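Understanding the architecture of this molecule
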Amino acid sequence: MIAVENLHKHFGGFHAVDGATLEIAEGSITGLIGPNGAGKTTLFNVVAGHLPPTSGKVMLAGEDITGMAPHDLFHKGLLRTFQIAHEFSSMTARENLMMVPGGQSGEGLWTAWFGRGRIEREEAELRRKADEVLDFLTISHLADEKAGNLSGGQKKLLELGRTMMVEAKIVFLDEVGAGVNRTLLNTIGDAIIRLNKERGYTFCVIEHDMDFIQRLCDPVIVMAEGKVLAEGSADQIMKNEAVIEAYLGTGLKNKAQAG
Ligand SMILES: Nc1ncnc2c1ncn2[C@@H]1O[C@H](COP(=O)(O)OP(=O)(O)OP(=O)(O)O)[C@@H](O)[C@H]1O
Ligand SMILES: [Mg+2]
């Protein structure tokens, strides 16, 4: 579904992504792991159109999407979750979901005068869809809660919920598990698996929690120093000498920096 070909992203002289080549198969939940600073988030940002690549190519279902803007990719069903922006924290969980879809009837004078009926119908439809999503994510009881009052894990679920308000094909998740308690992390994992199985979503998941990766992801791709170091099942990856060494290397470096 996604093919990244010899991708480079340089910041000045620093090669954050340094010739990465990888594929994400349709229907998979592909894991992307690697030590801190390996270039995972940068690769996501380039694929999702938030950063232009220095060189290389990104293909979506055979179409060259290199350098395409995020909103164009959004309409092609390529989504990347973001933290709920501060200005949305005073809106309820349901309202946050209802904000997502593009292409509603605008607020032009014409529609304001003559289109009220249509706008009301669209709102009712959006509301129904938002409630369906909240139900799917098992957080219906939080529908009227302000997003700012949700726990870290509940916010992550709501972020995942936003991808369900549109016709997503592939969703990129960057560290959904960070700072989330075990129970909610399992709920998030369940939601990802169900979206994959029941709605055919393809996922690419960056995560440091290896239990989470092992439960959800096949294959797992390992990045180190801007390149793809290895790919395989979670079990194969955890036994891979080069992978173990890459993690040890940064472990030692971090210790040296800390000391
Ligand atoms: N805008 C930027 N300007 C300069 N350097 C950057 C920029 N963004 C990222 N980098 C550098 O690129 C390298 C890769 O960063 P990136 O965030 O992609 O790593 P990562 O694999 O996501 O790491 P982590 O697991 O810690 O999130 C890091 O050394 C980082 O400091
Ligand atoms: Mg990162």
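Everything below is about the structure shown above.
Anyway, here's the lowdown on the structure attached to this text. This structure is a prediction, so every number in the text was calculated from the model and none was measured.

What follows is about helix H1 (residues 40-47). Here H1 lies mainly inside the structure; seven of its eight residues are buried. Note on H1: the residue one or two positions beyond its end, Gly49, has a positive phi of about 85°.

The topology assignment puts Thr42 in helix H1. With sequence-adjacent residues up to four places away left out, Thr42 is seen in contact with Lys9, Phe11, Ala16, Val17 and Leu51.

In the vicinity of ligand 1 lie 13 residues, with Gly37, Lys40, Thr41, Thr42 and His208 positioned nearest. Here an oxygen atom of ligand 1 and a side-chain polar atom of Asn36 are 2.9 Å apart. Between an oxygen atom of ligand 1 and a side-chain N or O atom of Thr41, the distance comes to 2.8 Å. Counting residues per element, the ones that place at least two in the shell around ligand 1 are strand E2 (14-24) and H1. For the shell around ligand 1, the element with the most residues is H1, which contributes three residues. Among the residues making up the shell around ligand 1, the classes are represented as five nonpolar, six polar and two charged.

Our next topic: the sheet that holds strand E5 (residues 63-64). Strand order in the open sheet formed by four strands is E2-E1-E4-E5, and the pairing between neighbours is antiparallel. The sheet terminates laterally at E2 and E5, the two strands that pair on one side only. With eight bridges joining them, strand E1 (residues 2-11) and E2 adopt antiparallel strand pairing. Note that in E2 the partner of Val4 across the bridge is Leu22.

This brings us to the nonpolar core. Leu137, Leu173, Ile192 and Phe203 are the most contacted members of the largest nonpolar core, which has 47 residues in total. In terms of residue count, helix H7 (residues 182-199) provides more of this core than any other element does, six residues in total. Those residues in contact with Ile192 that lie beyond four places of it in its chain are Ile29, Leu160, Leu173, Phe203, Phe212 and Leu216. If you look at the next biggest cluster of nonpolar residues, it comprises 25 residues, including Ile2, Leu32, Phe44 and Val58.

Another point: a negative patch on the surface. A grouping of Glu5, Glu23, Asp64 and Glu231 is seen on the molecular surface, where their side chains present a negatively charged patch. Positionally, Glu23 belongs in strand E2.

On to the side chain of Asn96, then. Here Asn96 shows up in helix H3 (residues 93-98). According to the relative accessible area criterion, Asn96 is buried, its value standing at 1%.

Criteria and thresholds
- Residues numbered from 1 in each chain as written.
- Chains lettered and ligands numbered in written order.
- Predicted model: local features only at pLDDT ≥ 70, side-chain atom pairs only at ≥ 80, totals over all residues.
- Heavy atoms only, no water.
- Buried < 20%, exposed > 50% of the residue type's maximum accessible area, 1.4 Å probe, protein only.
- Helix = DSSP H or I, 4+ residues; strand = E, 2+ residues; numbered from the N terminus.
- Contact = heavy atoms within 4.5 Å.
- Near = heavy atom within 4 Å.
- Polar contact = N/O pair within 3.5 Å; in protein donor to acceptor, adjacent residues only side chain to side chain.
- Nonpolar A, V, L, I, M, F, W, Y, C, P; charged D, E, K, R; others polar.
- Pairing = 2+ DSSP bridges.
- Core = buried A, V, L, I, M, F, W, Y, C linked by side-chain atoms within 4.5 Å.
- Patch = residues over 30% accessible without salt bridge, like charges linked within 9 Å, V, L, I, M, F, W, Y side chains within 5 Å.
- Areas by Shrake-Rupley, 256 points an atom, 1.4 Å probe, with all protein chains shown as cover.
- Salt bridge = Lys/Arg side-chain N within 4 Å of Asp/Glu carboxyl O.
- Lys, Arg positive; Asp, Glu negative; His and termini not counted.
- Charge placed at Lys NZ, Arg CZ, Asp CG, Glu CD.

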